[in-house]
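Read off the chains here:
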Amino acid sequence: MSVAADSQNMHDSGYQMSQRRRAPVFSVIPSISLNTFREAVRNRILYIILIFALLLMASSGIVRDLTIAAHDRVVRDLGLAAINFFGLAVAILVGINLVYNELDKKSIYTIVSKPVSRWQFLLGKYFGLLLTIYVNILIMGVFFLGVINYQDRVNEDKLAEVLWHQNASGQYEQVQHPTLTYTKYVATSIVASAGQGIANLFGAMTTPRTQYINGVIFATMLELAIITAFAILYSSFSTPILSAIFTIMTFIAGRLNQDIWAYAMELEKKGLRGTMAGNIKYYLSLGASHVVPNLGQYRESANQLNQAGYHGVQWVEMISRPGGISLPAGILPYTIFYTAAILGLSVLIFRSRNFK
Amino acid sequence: MKSRMPQASPPGSFWSLFDRPGGWVFFICFLGAVAGALLTQHQFVKGYKEKSWVESLTLPRPEYVKRLVLGYDAVSADLLFMRSVQAFGGIYENADPAGHHYNAIFNYFDVISELDPHFLEAYAFGNMVMGDESNRYDLALLYLKKGQWNNWRAYQPWYDAAYIKVYGAKEPDNQAKFFVRQAIKSKDAPDWVGRLEHMIDEQSGQFDIAMLGWLQTYANSVDHGDKLVAGIAKNRFATTINDWHKKILQDAADKYKKEQGKAANSLDEVAQAGYLPAIPICDLNLLQQNLSMFQAMQGKLSPYVEQIYESSVVQKGGILPNVTRPDDPYVLICMDVKDDRMVVTQSTREMATVQNLKAWRSAIAEFYKANNRYPSSLDELKMALPPSDPYCAGWKYDPASGIIVTPAREDL
């Protein structure tokens, strides 16, 4: 047997051994994900962010009194912005530490010594973090929809109906036990509003005030899938602070993606490409607009849905208005492809990383 | 044997600070520092001067703000909108009598609608601030045009633009009518939006079209049993006839002055000179009879509006009546400048006379107070714009008693 054949046999047997050692993909990744989720929910930052978001949404009742018009709109926009912003905060603040902590505490050695590939580890971390963010968003979403439903149920008109009734002579009189009636009504309203909020998330029992909110939340979830992938990418090769800075910068650049492209077009239109510097700027910005995630389209989708919900019209009608931006098609496939690409890059970096 | 030594506080607790003399010294120094800081701060506070709150609504250009908010467009628009609501009626930064600061306010609202082009309440409120509050109809219309472009299916920006053109800029032109017609096309337009078109017709001098419009509104309302709108339409119809009558009388008085070289002192003079010939005019009494007749015969009014209107037109000349208040006929009053004449109702002339007499009497009283005598003539009062006698008879003034009256109505 030649040396080459020996070598090939050894390689094959080693490969087969490693294949035998490796646990099935579909059990490893969920296990790591669930562990990551359990680890993340023990993080106090998560609760602080969540409480802050819920307080902000609960205070929307006060904020709506600060305006003379567009009350419903203010509540709706404030809640949706809070869900997006605090979801982003969770993605950045929790995501940047995930991989770094494993390296810092040397717990990565125990993991990689087990039959777990690095890519499985990284994907597990990603999906665990995504699960944490999505659970947070769903809690915020249900709470937000509950607040809107509660405002619909407990308002001056409804309370007047509950606490006052017309007697036989047609005059209004208060019910016998107003405090008890009020307390019972408010308590049942809270439970009913929360239940309706859960139904609203699945598009059921919607009112004009809650219409399409689930769609906006879905767009936010897709956007955060990309941001989380970036948080994991940066976390796989840098320190938490640098990862945070990089992720925030990516977020800003992503939201301004169209402007980066517009800058390149402006350079061309104004004839500033004549010099080398002009050319470098042009190709850099054009390249960046193709590489940087287009987060603006998620906002456009969310805005279109929000507008449609706010005005109580079908979104097809909304987008046909002059000046209306055509609804970006295929944000779901885009999210899947882009996230897969970023995670692939993370795996490539992480697999060549020396843990010593 | 128990120790008589005092028990030491647990280390790290607040009271352990006082276990050693150094702790006491530190604590006293700490209290001194706090007291010193508070005293110094109090001195600063005493020096504060009260300043009036100035609202600053200056923002960068919309395209910059749009980028700065990083996609949180809707909520940013809401916050800016709420800020503008809070600032409404306040003292604005760089406010100048020429109203140039409203360019900054326009930019502010422009930012809101750049962030959310479908924010209808912002257009309505911006129009209120720039149009109604500050009389900058140009800016208000410019802003509403943006609203129309972005929300052409919503009635509000179209209606607001028409309203501000008619009642603000006093331009009841075809553009205003176009705005109303666009507003009517919107699904969300209330029924009353279309009535603004009748007002535009009336204000632009197209009285017959306005009357037909009001009559159609009246007929529709009666057919649908809407008594409230029927009452409004009937009132507006009568007011339009009155406005038409006034216009005819005014045109005749102006023509008289132009051709005769002097202004007439009464409408009788104008009529006698042949300036008020018989012309086709809608007669309100006849119209009411026709309406009742058609209602009784056909059971419906709306399909027969033109027929009813045409059968109510009669040839009328002379001094046209005040159809809503026949006891308060139209008369001429002398204006303060250029010897002009204006057609008003008799009661309005009386009110104007009382007002003018009040101005004269007040000036005479002041003169008396300063000089201890009455002016020898009204010219001695040297009023910048001496009020004229609306009755065109000239004031009757007694220098001895300081009494001033109009010869036409000495009782006023």
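Here is a short report on the structure shown in this document. (Residues numbered from 1 in each chain as written. Chains lettered and ligands numbered in written order. Predicted model: local features only at pLDDT ≥ 70, side-chain atom pairs only at ≥ 80, totals over all residues. Heavy atoms only, no water.)

Digging into unusual backbone geometry
Residues and elements named next belong to chain B. In this model, Leu70 sits at a positive phi of 55°, which is unusual for a non-glycine residue. Within the element layout of this structure, Leu70 appears in the loop between helix H2 (62-68) and helix H3 (73-87). At Asn372, a residue that is not glycine, the phi angle is positive and equals roughly 60°. By relative accessible area, which is 60% here, Asn372 ends up exposed. (Helix = DSSP H or I, 4+ residues; strand = E, 2+ residues; numbered from the N terminus. Buried < 20%, exposed > 50% of the residue type's maximum accessible area, 1.4 Å probe, protein only.)

Observations concerning the packing of helix H11 (residues 227-260) of chain B against helix H13 (residues 284-298) of chain B
All names here are of chain B. At their nearest, the axes of H11 and H13 sit 11 Å apart, and the two run at 150° to each other. The orientation of H11 relative to H13 falls into the category roughly antiparallel. Between H11 and H13 the crossing geometry is right-handed. For the pair formed by H11 and H13, the contact residues are Lys234, Phe237, Ala238 and Ile241 on the first element and Leu284, Leu287 and Gln288 on the second. (Axes fitted to C-alpha atoms, helices over the stretch in contact; angles between N-to-C directions. Parallel < 35°, antiparallel > 145°, perpendicular 65-115°, else oblique. Left-handed = near helix turned anticlockwise from the far one by under 90°. Contact = heavy atoms within 4.5 Å.)

Focus on the environment of Met128 of chain B
Here Met128 of chain B shows up in helix H5 (residues 120-133). Setting aside anything within four residues of it in sequence, one finds Met128 of chain B in contact with Phe88 and Glu133 of chain B.

Considerations on the pattern of salt bridges
All names here are of chain B. Summed over the entire model, instances satisfying the criterion amount to 32 salt bridges over all chains. Residues Lys177 and Asp201 are paired through a salt bridge, measuring 2.6 Å at the closest nitrogen-oxygen approach. Of the two residues, Lys177 sits in helix H8 (residues 174-185) while Asp201 sits in helix H9 (residues 195-203), which places them 24 residues apart along the sequence. Note on accessibility: Lys177 and Asp201 belong to one class, buried. A salt bridge links Lys396 to Glu410; the shortest N-O distance between them is 2.8 Å. Of this pair, Lys396 sits in strand E7 (residues 396-398) while Glu410 is found in the segment after strand E8 (403-405), placing the two residues 14 residues apart along the sequence. (Salt bridge = Lys/Arg side-chain N within 4 Å of Asp/Glu carboxyl O.)

Things to note about empty space enclosed by the protein
Any empty space left between atoms is shown by rolling a water-sized probe over those atoms. Counted under the stated rule, the structure contains three cavities of 30 Å³ or more. Considered as a void within the structure, the largest cavity measures approximately 100 Å³ in volume. Surrounding the largest cavity, 13 residues form its lining, Asp77, Arg299, Asn303 and Asn306 of chain A together with Ala74 of chain B being those nearest its centre. Counting only elements with at least two residues in the lining of the largest cavity, the list comes to helix H5 (71-104) and helix H14 (296-311) of chain A together with H3 of chain B. Within the lining of the largest cavity, the residues separate by chemical class into seven nonpolar, three polar and three charged. (1 Å grid on protein atoms, 1.4 Å probe; cavity = no way out; pocket = protein on both sides within 12 Å on 5 of 7 lines; lining within 4 Å. Points joined across faces, edges and corners; volume = space filled by probe spheres on them. Nonpolar A, V, L, I, M, F, W, Y, C, P; charged D, E, K, R; others polar.)

Quick word on the side chain of Ser134 of chain B
All names here are of chain B. With respect to the helices and strands, Ser134 occurs in the loop between H5 and helix H6 (137-150). A polar atom in the side chain of Ser134 sits 3.2 Å from the backbone oxygen of Val129. If we ignore the near neighbours within four places in the chain, the residues touching Ser134 are Tyr102 and Val129. (Polar contact = N/O pair within 3.5 Å; in protein donor to acceptor, adjacent residues only side chain to side chain.)

Digging into the state of the cysteines
Residues and elements named next belong to chain B. As enumerated under the stated definition, the model contains one disulfide over all chains in all. At a sulfur-sulfur separation of 1.8 Å, the disulfide partner of Cys334 is Cys392. In this structure, the disulfide formed by Cys334 and Cys392 twists by about 125° around the S-S bond and is classed as right-handed. Taken together, the residues Cys334 in strand E5 (residues 330-334) and Cys392 in the loop between helix H15 (346-371) and E7 connect sequence positions 58 residues apart. (Disulfide = S-S within 2.5 Å.)

Considering the interface of chain A and chain B
Counting from both sides, the interface comprises 31 residues of chain A and, opposite them, 25 residues of chain B. Both faces considered, chain A and chain B share a buried interface measuring about 2400 Å² in area, 59% of it formed by carbon and sulfur atoms. For the interface between chain A and chain B, the tally reads seven residue pairs in polar contact (both at pLDDT 80 or more). Looking at the side of chain A that touches chain B, the elements with two or more residues in it are H5, helix H11 (240-255), H14 and helix H15 (315-319) of chain A. In terms of residue count, H5 of chain A provides more of the side of chain A that touches chain B than any other element does, eight residues in total. (Buried area = accessible area lost by both parts, 1.4 Å probe.)

Thoughts on the nonpolar core
Soluble, globular proteins show a tendency: their nonpolar side chains are buried together. Counting residues in hydrophobic clusters, the biggest one holds 83 residues, and the most contacted among them are Ile112 and Phe237 of chain B. The leading source of residues in this core is H11 of chain B, at 11 residues. Counting 79 residues, the second-largest nonpolar core is a separate cluster that includes Ala53, Leu129, Ile227 and Ile232 of chain A. (Core = buried A, V, L, I, M, F, W, Y, C linked by side-chain atoms within 4.5 Å.)

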